[in-house]
Structure formats: C-alpha cells, structure tokens
Amino acid sequence: MSWWIWILLIVGALVAWYFYRRSDKMPLLEATISSPDGLRYKVTFEQKHPGMKSVEHVRMILCFAAKMLHIIDPNDVNQTHVQRQLLESIRKLSRIELNHQTDVMAVCSQPIGCTKGEAGSEDKTIVATLYFMNPMERFVNTSLPYRWFEYQFLHSWLALVQETLPKLDEMQIDRLQKSLERMSEMYFEERVDYSSIQALREVPNRSFAEAAIR
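The notes below deal with the structure included here. Every chain begins its residue count from 1, and numbering advances along the sequence as written. The model is predicted, so local features are restricted to residues of pLDDT at least 70 and side-chain atom pairs to those at 80 or more, both for listing and for counting; the totals for chains, interfaces and linings are taken over all residues. For side-chain calculations, the full set of non-hydrogen atoms in the structure is used, while hydrogens and water are omitted.

### Notes on the overall build of the protein
Note the threshold: What counts as a helix is a DSSP run of H or I of at least four residues, what counts as a strand is a run of E of at least two, and both are numbered from the N terminus. Type-normalised accessible area, obtained with a 1.4 Å probe on protein chains alone, sets the label of each residue: buried when under 20%, exposed when over 50%, and partly exposed for intermediate values. We call two residues in contact when some of their heavy atoms are within 4.5 Å. The method behind every accessible area is Shrake-Rupley, applied with a 1.4 Å probe, and residues are considered shielded solely by the protein chains displayed.
Regarding its fold elements, the protein presents seven helices and five strands. Counting the 214 residues in the protein, one finds 45% classified as buried. Of the contacts made within the protein by residues no fewer than 6 positions apart, 72% connect residues no fewer than 24 positions apart. For the protein, the exposed surface amounts to about 11,500 Å²; the carbon and sulfur share of it is 55%.

The structure is reproduced here in structure tokens:
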C-alpha cells in the first residue's frame, strides 16, 4: 500500500476521532454573570438542553470555581490575593449548613450584592457554559471581559452560588455543601495544583461524585 493511502487512512481516523469527541460534548446550562461596578452583580441562567436536570446547577458551581482558580495566573501579584480569597470562600461555605436563606456574601465577608435584570451593555460580563462530556464528567467554558474588576472572578462565583441556592431542593443543597467540603479537602489538605489542566477537570467532577458517599 502506497504511502499516500496510509496518510489518507490516518487523516480519516483523526477526523473520525475528532467528530466522535465533539459528539460527546453537549451544552447543558449557561450562566451570565455581570456587573456594572464590581459591587452589584446580576446572574441569569439559560437551559441549553431540554433534558437538563436541576442538579446540573450544582455542577456549574463546582466547575466554575475550578475554572476561576485555574485562569488566575499564580505569578500575577495583583490577582493571587483574589485566588486565596476564593479558596477561603470555598472552605467557609463547606463548613456551614447551606440553605435557601444563606447569605453567601455575609458568610464570606464580601461587600457585594445581587440584583435582578439582564446584563447591561456597559457591564463587565462573564458567560459560563456547562457541557456534558460523559456520564461522570462536566466541563465549563467561559467567555471573559477584555478587562475585569479586581475581584470579579471571586465575586462572580459568590453571586453564582447565591442565585443558585433558590433553584435547588434540600437534597441538592446538601450535595452542594458536601461537594464543596470535598473540594476544599482536595485544595487544602491534598494540595492539588489548581493551576493544572488535570485539576481543572478532575477536582469538580470528583468532588461531586465523592459527595454522594459522604
């Protein structure tokens, strides 16, 4: 068999693998988190798949936390304090009994609030899309503003948690709390490197899965 046929076979296999992998990736939920001033945050949700279950909101929170930790440059002295506060916020929320009335901002000592409405044209906006990768794995893609407020990654996550709680039932809130507890253990006790691609994918998915047996 001539060499060009081998090349065609290899290219064909790569194309087939590419589309096979793409077929596994299915959008489930989109969260738009915006702020005009870094103090007032608006969060809106859009269900991207008709069969999405409400527990996917829990997975959005976990994947978004891992993504925010991952994208902060550990060598950026202007953002490492935001990274530390996000880690501390995960730990604080994991140590309390979450419920529909929990004031997330007060628990984490952050002077921000949530307001209703759509993102304004002048707002700095983060759009996060949760994808189904396989039955055990979810992944979040994010669109970031060109420039963001100093604490926007931290505050966007807190606003996401605050606005998600009313959408969950008691069992799902318990699953969220236990997932955050497991996530906190992985970051603080097991010293998982949150800047790595491996941690970005594994930590939120393992936290959710292992919370089921806690």
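After presenting the structure, the write-up continues.
### Considerations on the pairing of strand S5 (residues 137-143)
Spelled out, the test is: By the convention used here, strands pair only if DSSP detects at least 2 bridges between them.
Pairing analysis gives seven bridges linking strand S4 (residues 124-134) to S5, with the strands arranged antiparallel. Looking at the pairing, Tyr-131 lines up with Phe-139 of S5. In this antiparallel pair of consecutive strands, S4 and S5, the connection spans two residues.

### A closer look at the nonpolar core
Short version of the rule: Among the buried residues, those of types Ala, Val, Leu, Ile, Met, Phe, Trp, Tyr and Cys that are joined through side-chain atoms within 4.5 Å form a nonpolar core.
One finds Ile-90, Leu-93, Trp-157 and Tyr-187 to be the most contacted residues of the largest nonpolar core, which totals 55 residues. Looking at which element gives the most residues to this core, the answer is helix H2 (residues 56-71), with ten residues. Setting aside its immediate chain neighbours within four residues, Ile-90 contacts Ala-65, Leu-69, Trp-157, Leu-180, Met-183, Ser-184 and Tyr-187.

### What about H2?
Stated formally: Each helix should span, by expectation, one fewer than its residue count multiplied by 1.5 Å.
Taking 1.5 Å per residue, 16 residues should reach 22 Å; H2 reaches 22 Å between its end C-alpha atoms and fits that length. The buried fraction of H2 amounts to 15 of the 16 residues, a majority that puts the element mostly inside the structure.

### Here's the deal with the side chain of Ser-89
We apply this condition: In protein, a polar contact requires one atom able to donate a hydrogen and another able to accept it; more generally it is a pair of N or O atoms within 3.5 Å, and residues adjacent in sequence count only if both atoms are side-chain atoms.
With respect to the element layout, Ser-89 can be found in helix H3 (residues 80-94). A residue is classified by how much of its surface remains accessible, and Ser-89, at 2% relative accessible area, is buried. A distance of 2.8 Å separates a polar atom in the side chain of Ser-89 from the backbone oxygen of Gln-85. Excluding anything up to four places from it in sequence, Ser-89 contacts Cys-108, Leu-154, Trp-157 and Leu-158.

### Observations concerning unusual backbone geometry
With a phi angle near 55 degrees, Ser-109 is a residue other than glycine that sits in the positive phi range. Inspection of the secondary structure puts Ser-109 in the loop between helix H4 (104-107) and strand S3 (113-114).

### Let's talk about the sheet that holds S5
What counts, and what does not: Between N-to-C directions, angles span 0 to 180 degrees; the directions come from axes that are lines fitted to C-alpha atoms, helices contributing only their stretch in contact.
Across the sheet, which stays open at both edges, the five strands sit in the order S3-S2-S1-S4-S5 with mixed pairing between neighbours. In this open sheet, the two edge strands, each paired with only one partner strand, are S3 and S5. For strand S1 (residues 26-35) and S4, the ladder comprises nine bridges, and the chain directions are antiparallel. Looking at S4, one finds that Pro-27 is bridged to Tyr-131. Helix H5 (residues 152-164) rests against S1, strand S2 (40-47), S3 and S4 of the sheet, and its axis sits at about 60 degrees to S2. Where helix H7 (residues 197-211) meets the sheet, its contacts fall on S4 and S5, and the angle it forms with S5 comes to roughly 125 degrees.

### Concerning the packing of helix H6 (residues 170-188) against H7
Stated formally: Reported orientations rely on four angle classes, namely roughly parallel under 35 degrees, roughly antiparallel over 145, roughly perpendicular from 65 to 115, and oblique for the rest. Each crossing is labelled by how the near helix is turned from the far one, with a counterclockwise turn of less than a right angle marking it left-handed and a clockwise turn marking it right-handed. Only Asp, Glu, Lys and Arg are considered charged in this grouping, and only Ala, Val, Leu, Ile, Met, Phe, Trp, Tyr, Cys and Pro are considered nonpolar; every other residue, Gly among them, is considered polar.
Two elements in contact, H6 and H7, have axes whose closest approach is 8 Å; the angle formed by their N-to-C orientations is 130 degrees. It follows from the interaxial angle that H6 and H7 lie oblique. Crossing angle aside, the handedness with which H6 passes H7 is right-handed. Of the residues in H7, those in contact with Arg-175, Lys-178, Ser-179, Arg-182, Met-183, Met-186 and Tyr-187 of H6 are Val-203, Pro-204, Arg-206, Ser-207, Phe-208, Ala-209, Glu-210 and Ala-211. The class makeup of the residues in the contact of H6 with H7 is eight nonpolar, two polar and five charged.

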